[in-house]
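A structural walkthrough
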Amino acid sequence: MRIILKPIVNSLNFIRTPRDLWRAWRGNIQLWANLFVIGWAVVFMLWQGAGFAVTVGTVFAIWAMLAVSLNLVVGFTGLLSVGHIGFFGIGAYSMAVLSSNPEYEQLRTEALTTFAWPFFAALPVCVLLSGVVALAVGVVFNRFRDDIYVLVSFGFAIIAFNVFLNARSLTRGAFGIHEIARPQIGGWTLNGELQFLLFVLAILAVVMLIAWIIVTSSFGRVLTAIREDEDAIEVFGYQATQYKLAIWVISAMIAGLAGGLFASWTSFIDPFSFILLESILLVSIVILGGLATIWGSLLGAMAFVLLEEGMRFLPFLPAEYIGQARQVVLGILLVLLMLFRPQGLVGKYKL
């Protein structure tokens, strides 16, 4: 809320007349972007009703976690990664394998070993396993910079998808995994959509707090310095590779957390939820909202979810073309941003 009000307060410091107010606000793109996306969200939710709003809110919360995690790497550290969807998938499959119902799986072809763990026992494993994989690949990734870094992260996303698709003894391949556990507290299971939304929003608030602590600390200031000039920061005695590896692992763990929540919410996952296109969409969300700003990640995720869901209700658009139309509109929007607002809606830096 403080981030939303800041541009308004700054404008009011120089207001003497209503004309001054209009002049101050007219060129404040950050303020208008906030008001437009939030207003669009409110109108859309009221139009579609409470049930639909709950579903959209859950999708937004999960994508917002992913966007925040990626922005820590891309926005604050300057490492353009397109492989974060792999960590999202690792978290989702960890939750699925550990918590799915074994009785259901025994009735299916290519049944796999399941453990029937409760949600809150499986979720820490989702986070830790994503972090361990990120540590392993991050040691290799730290040897590269700039364009090569993008290419190796691209390769990681492809490798992750192929593992999800072909490791049938672990993931059941294209058949997917069903009956994934919902969160349960005592004898109370969060089966209701509203209950799960409130739970996910609480997790999102914790993720935002962690991200805010990181970026406002001395650790975060070193990350920003690495973004500006990695060689210069090493002159002052900072080991840039260690800082990059640390934030890479932290961001991957947040992505794994989002993956675990996603698997529990949908109760079914398959490899095609973690294709490279999803990773590119995630990068687009970060660019759309703005680099090096936590609020921008939330704003970009909100705009993306509203665009994705809103286009289903256009009366002149056939259902079979909705997916392609979303990609076209998002692509046009990104081109316009690169031309007129390369730092995104509320970002601090250009890509």
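Values in this document were obtained by computation on a predicted structure and should not be read as measured data.

Now for the overall build of the chain. Helix and strand content of the chain: 16 helices and two strands. Counting the 351 residues in the chain, one finds 50% classified as buried. Counted over contacts in the chain with a minimum sequence separation of 6, partners at least 24 positions apart contribute 76%. Carbon and sulfur atoms provide 68% of the accessible area of the chain, an area that totals close to 16900 Å².

Here we take up a nonpolar patch on the surface. Nonpolar side chains collect at one region of the surface, where Val328, Ile332, Val335, Leu336, Leu339 and Phe340 lie side by side and expose about 630 Å² of accessible area between them. In this fold, Val328 is placed in helix H16 (residues 322-340).

Applying the stated criterion to the full structure yields 20 aromatic pairs. The rings of Phe87, Phe141, Tyr149, Phe156 and Trp248 are connected pair by pair, giving a single aromatic cluster.

Right, let's talk about the nonpolar core for a bit. Counting residues in each nonpolar core, the largest one holds 107 residues, and the members touching the most others are Phe87, Trp248, Ile269 and Phe274. Ranked by residues supplied to this core, first place goes to helix H4 (residues 50-74) with 16 residues. With residues up to four places along the chain from it excluded, the contact list for Trp248 reads Val73, Ser81, His84, Phe87, Ala134, Val137, Gly138, Phe141 and Tyr149.

Here the focus is helix H10 (residues 193-216). Between the first and last C-alpha of H10 there are 34 Å, a value that for 24 residues agrees with the 34 Å anticipated at 1.5 Å per step. Considered for burial, the residues of H10 that qualify are Phe196, Leu197, Phe199, Val200, Ile203, Leu204, Val207, Ala211, Ile214 and Val215. Elements that come into contact with the buried residues of H10 comprise H4, helix H7 (119-141), helix H11 (218-228), helix H13 (240-266) and helix H15 (294-310).

Even without glycine at this site, Glu179 takes up a positive phi of about 50 degrees. Tracing the chain through its elements places Glu179 in the loop between helix H9 (168-171) and strand S1 (184-185). In this structure Glu179 comes out as partly exposed when scored by relative accessible area, which is 41%.

On to the pattern of salt bridges, then. Should the charged atoms of two oppositely charged side chains come close, the side chains can pair. Evaluation of the coordinates by the stated rule reveals five salt bridges. In this structure, the salt-bridge partner of Glu193 is Arg182, at a minimum N-O distance of 3.3 Å. Highlighted residues: Glu193 in helix H10 and Arg182 in the loop between H9 and S1, separated in sequence by eleven residues. Residue Glu193 is classed as partly exposed on the basis of its relative accessible area of 33%. Note on Arg182: relative accessible area 14%, which makes it buried.

Turning to its location among the elements, Leu245 is positioned in helix H13. In the structure, Leu245 is positioned 104 residues away from Phe141 in sequence and 8.7 Å away in space, judged by C-alpha atoms. Setting aside anything within four residues of it in sequence, one finds Leu245 in contact with Ala134, Leu135, Gly138, Val139 and Asn142.

Moving on to helix H14 (residues 276-289). Since the α-helix packs 3.6 residues into each turn, any two residues three or four apart lie on the same face. With 14 residues, H14 extends 20 Å between its outermost C-alpha atoms, agreeing within 8% with the 20 Å of an ideal straight helix rising 1.5 Å per residue. Buried residues dominate H14, accounting for eleven of its 14 residues. Taken as a whole, H14 has its buried residues at Glu278, Ser279, Leu281, Leu282, Val283, Ser284, Ile285, Val286, Ile287, Leu288 and Gly289. Buried residues belonging to H14 abut H4, helix H5 (84-99), H15 and H16.

Should pLDDT be low for a region, the predicted coordinates there are not to be read in detail. Averaged over all residues, the pLDDT of the chain equals 84, while 86% of them reach at least 70. Ranking the elements of the chain by mean pLDDT puts helix H1 (residues 2-12) last, at 47, and H13 first, at 96. In this model residues 1-5 is a low-confidence stretch, pLDDT under 50, and it forms six contacts with partners more than four residues away in sequence or in other chains. Throughout residues 7-16 the model reports pLDDT below 50, and contacts reaching past four residues in sequence, or to other chains, amount to 13 contacts.

Mapping Ile275 onto the fold places it in the loop between H13 and H14. Residues Ile275 and Ala157, 118 residues apart in the sequence, show an inter-C-alpha distance of 7.7 Å. Every residue in contact with Ile275, bar those within four places of it in the chain, is listed here: Ile85 and Phe161.

Here we take up the packing of H14 against H15. Across the interface, H14 lies against H15 with an axial gap of 7 Å and an inter-helix angle of 120 degrees. When the axes of H14 and H15 are compared, the pair comes out oblique. Between H14 and H15 lies a crossing of right-handed hand. Taking contact as the criterion, the partners of Leu281, Ile285, Leu288 and Gly289 in H14 are, on H15, Gly296, Ser297, Gly300, Ala301, Ala303 and Phe304. For the contact of H14 with H15, the residue count by class is six nonpolar, four polar and no charged.

Criteria and cut-off values
Note that residues are indexed from 1 along each chain, following the sequence as it is written. Reporting in this predicted model follows two pLDDT cut-offs: at least 70 for local features of residues, and 80 or more for side-chain atom pairs to be given and counted; totals over whole chains, interfaces and linings ignore these cut-offs and use all residues. Water and hydrogen atoms were dropped before computing side-chain values, which therefore reflect all heavy atoms in the structure. Secondary structure elements are taken from DSSP: a helix is a run of H or I of four residues or more, a strand is a run of E of two residues or more, and numbering for both begins at the N terminus. The classification of residues rests on relative accessible area computed with a 1.4 Å probe and restricted to protein chains. Under 20% of the type maximum is buried, over 50% is exposed, and intermediate values are partly exposed. Should any heavy atoms of two residues lie within 4.5 Å, those residues are counted as being in contact. Areas reported here follow the Shrake-Rupley algorithm with a probe of radius 1.4 Å; residue values treat only the protein chains shown as occluding. Surface patches are defined over residues having more than 30% relative accessible area and no salt bridge, joining like charges when they lie within 9 Å and nonpolar side chains (Val, Leu, Ile, Met, Phe, Trp, Tyr) when within 5 Å. A carboxyl oxygen of Asp or Glu within 4 Å of a side-chain nitrogen of Lys or Arg is what we treat as a salt bridge. Any two rings among Phe, Tyr and Trp, with Trp reduced to its six-membered ring, count as a pair given centres within 6.5 Å; such a pair is stacked if its planes are under 30 degrees apart, edge-to-face if over 60, and tilted if neither. For the purposes of this section, nonpolar cores are sets of buried Ala, Val, Leu, Ile, Met, Phe, Trp, Tyr and Cys residues that join through side-chain atoms within 4.5 Å. Expected helix span is taken as 1.5 Å per residue step, with the number of steps being one fewer than the number of residues. The pLDDT score gives, residue by residue, the confidence of the prediction method on a 0 to 100 scale. Angles run from 0 to 180 degrees between N-to-C directions of axes, and those axes are lines fitted to C-alpha atoms, restricted for helices to the stretch in contact. Angular relationships are summarised with four words: roughly parallel below 35 degrees, roughly antiparallel beyond 145, roughly perpendicular across 65 to 115, and oblique for the angles in between. Note on convention: the crossing is left-handed when the near helix lies turned anticlockwise from the far helix by less than a right angle, right-handed when the turn is clockwise. By the convention adopted, Pro, Cys, Tyr, Trp, Phe, Met, Ile, Leu, Val and Ala count as nonpolar, Lys, Arg, Asp and Glu as charged, and the other residues, Gly among them, as polar.

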